[in-house]
Amino acid sequence: MEFSTRTIHAGQPSEPETGALIPPIFQTSTFEQDAPGCHRGFDYSRTNNPTRARLEAVLADLEGVAYCAAFASGLAAENAVLQAWLRPGDEIVIGLDVYGGTYRILNRVFQPQGCTVRQVDISNPAVLESALGPHTRLVWLESPTNPRLLIYDIAAISASAHAHGALVVVDNTFATPCFQQPFQLGADIVVHSVTKYLAGHSDLIQGAVLARDFATFEPIKFLQNATGAVPAPFDCWLTLRGLKTLELRMERHAENAWAIAEALASHPLVKRVYFPGLPSHPGHDVARRQMTGFGGMVSFELDGTVDDVAGFVSSRRFFALGESLGGVKSLVCHPARMTHASIPPEERAKLGLSDTLVRLSPGCEHRKDLVADLVEGLNAVPRAREAQAATA
Ligand SMILES: Cc1ncc(COP(=O)(O)O)c(C=O)c1O
């Protein structure tokens, strides 16, 4: 079955009792039992719920594995993986570019508990090799990364990590299974902020963990019930609805991202464009090899000041200024002041994360409108500077 067919048919038969084409939301906290302890697969909705089970089945199918647990947010999903697989004294190796919340949970929650976080340039095999050791339990990466859309070679990193007995976790939020299949490249665990492209409409918060084998999955599944950060049935139903158009949406997001990247690359006020589809992107060849599409995100460094950036991102017609990404409605974000503000400024500088970086999440609007909006905003920067200078 092809990918788009699976998004609509996998794990989603019509509802058996009534034939409803789209199964209803099982909005219930508990289930009537026939005798004590004797139920029909569901006893309490924190433990399991039919709507959530359907969602988990579809996500597992799309990522090509048997095991999935859905969570109340992407960070709750990350927390379950970290709690399951990191103990005091253990080490985790992460790439230079990761979502700010991932940086925060590692450095502010797990580091104080005695875990060591090694943030290194995992794209460099020698650097990665020297960071791996007998205590490395996990290697954690995003590809493309948030916010600079760096590309990491998942197969090569997995081979090095496995040689040291470490598990490889890939945050597949940006690529989605539509464009990248991390398990085929060697990953042991995949995490998602389902909030983004998978749900796709900026109307819910949700996460998921998928695992290649039961032994890796079992402690995560245990924590889903034991710590209880589960998504509501209604939110699972919304994601099931969103997933049915995942491929259609991803194609449009990617098409828009291409058009925007090309337009930005030739604008004099743009210092650098980050989009893995551009041949000038350092990860372009690896992206071509390990992805079937370059994704829908574009970031760029504005040749100007932080105030120029603030003016630009605050006055777009079609790009709403907001955290998050991956919805049908376009979003723009200033990572240094928003999504990545939890990384201290000196750390951001060390990691190469410029304060004039702008991150775009083109939605499903027409590319001509999106490109025009951005070019108009860039062309207005010199005028805004002059106006500011005149009032100073
Ligand atoms: C790559 C990535 N991973 C994880 C998360 C966290 O997900 P959530 O916001 O659903 O908790 C985010 C959120 O922006 C993200 O961009």
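Everything below is about the structure shown above.
What counts as what
Residues numbered from 1 in each chain as written. Predicted model: local features only at pLDDT ≥ 70, side-chain atom pairs only at ≥ 80, totals over all residues. Heavy atoms only, no water. Helix = DSSP H or I, 4+ residues; strand = E, 2+ residues; numbered from the N terminus. Rg over C-alpha atoms; globule rule 2.2 N^0.38 Å. Buried < 20%, exposed > 50% of the residue type's maximum accessible area, 1.4 Å probe, protein only. Areas by Shrake-Rupley, 256 points an atom, 1.4 Å probe, with all protein chains shown as cover. Lys, Arg positive; Asp, Glu negative; His and termini not counted. Charge placed at Lys NZ, Arg CZ, Asp CG, Glu CD. Near = heavy atom within 4 Å. Polar contact = N/O pair within 3.5 Å; in protein donor to acceptor, adjacent residues only side chain to side chain. Nonpolar A, V, L, I, M, F, W, Y, C, P; charged D, E, K, R; others polar. Pairing = 2+ DSSP bridges. Right-handed = clockwise from strand over helix to strand, strands pointing away. Core = buried A, V, L, I, M, F, W, Y, C linked by side-chain atoms within 4.5 Å. Contact = heavy atoms within 4.5 Å.

(A) The arrangement of the overall build of the protein in detail. A tally of regular secondary structure across the protein gives 14 helices and 12 strands. The C-alpha atoms of the protein give a radius of gyration of 22 Å, which matches the 21 Å a tight globule of 392 residues would have. The buried share of the protein, taken over its 392 residues, is 54%. Surface exposure of the protein reaches about 16,300 Å², of which carbon and sulfur atoms provide 54%. Mean positive and mean negative side-chain charge positions of the protein (33 and 41 charges, respectively) differ by 3 Å.

(B) Broad picture of the site of the ligand. Around the ligand, the structure places 14 residues, and the nearest of them are Gly74, Asp171, Ser193, Thr195 and Lys196. A distance of 2.9 Å separates an oxygen atom of the ligand from a polar backbone atom of Gly74. The fraction of the free accessible surface of the ligand (390 Å²) that becomes covered by protein chains is 92%. Looking at which element gives the most residues to the shell around the ligand, the answer is helix α3 (residues 74–85), with three residues. Class assignment for the residues of the shell around the ligand results in three nonpolar, seven polar and four charged.

(C) How the structure looks around the pairing of strand β4 (residues 136–142). In terms of residue burial, β4 counts as a mostly covered element, since six of its seven residues are buried. Pairing of strand β2 (residues 91–94) with β4 involves four bridges; the strand directions are parallel. Bridge pairing in β4 links Val93 to Val139. The parallel pair β4 and strand β5 (residues 167–171), bridged by helix α6 (residues 154–163), forms a crossover whose chirality is right-handed.

(D) Focus on the nonpolar core. Counting 97 residues, the largest nonpolar core has Leu82, Ile92, Ile260, Leu264, Phe300 and Leu360 as its most contacted members. Here this core takes eight residues from helix α10 (residues 246–265), the largest share from any one element. Those residues in contact with Phe300 that lie beyond four places of it in its chain are Leu264, Val270, Arg272, Val273, Tyr274, Phe312, Thr356, Leu357, Val358, Leu360 and Leu378. Val139, Ala161, Val170 and Ala187 belong to the second-largest nonpolar core, a separate cluster that totals 17 residues.

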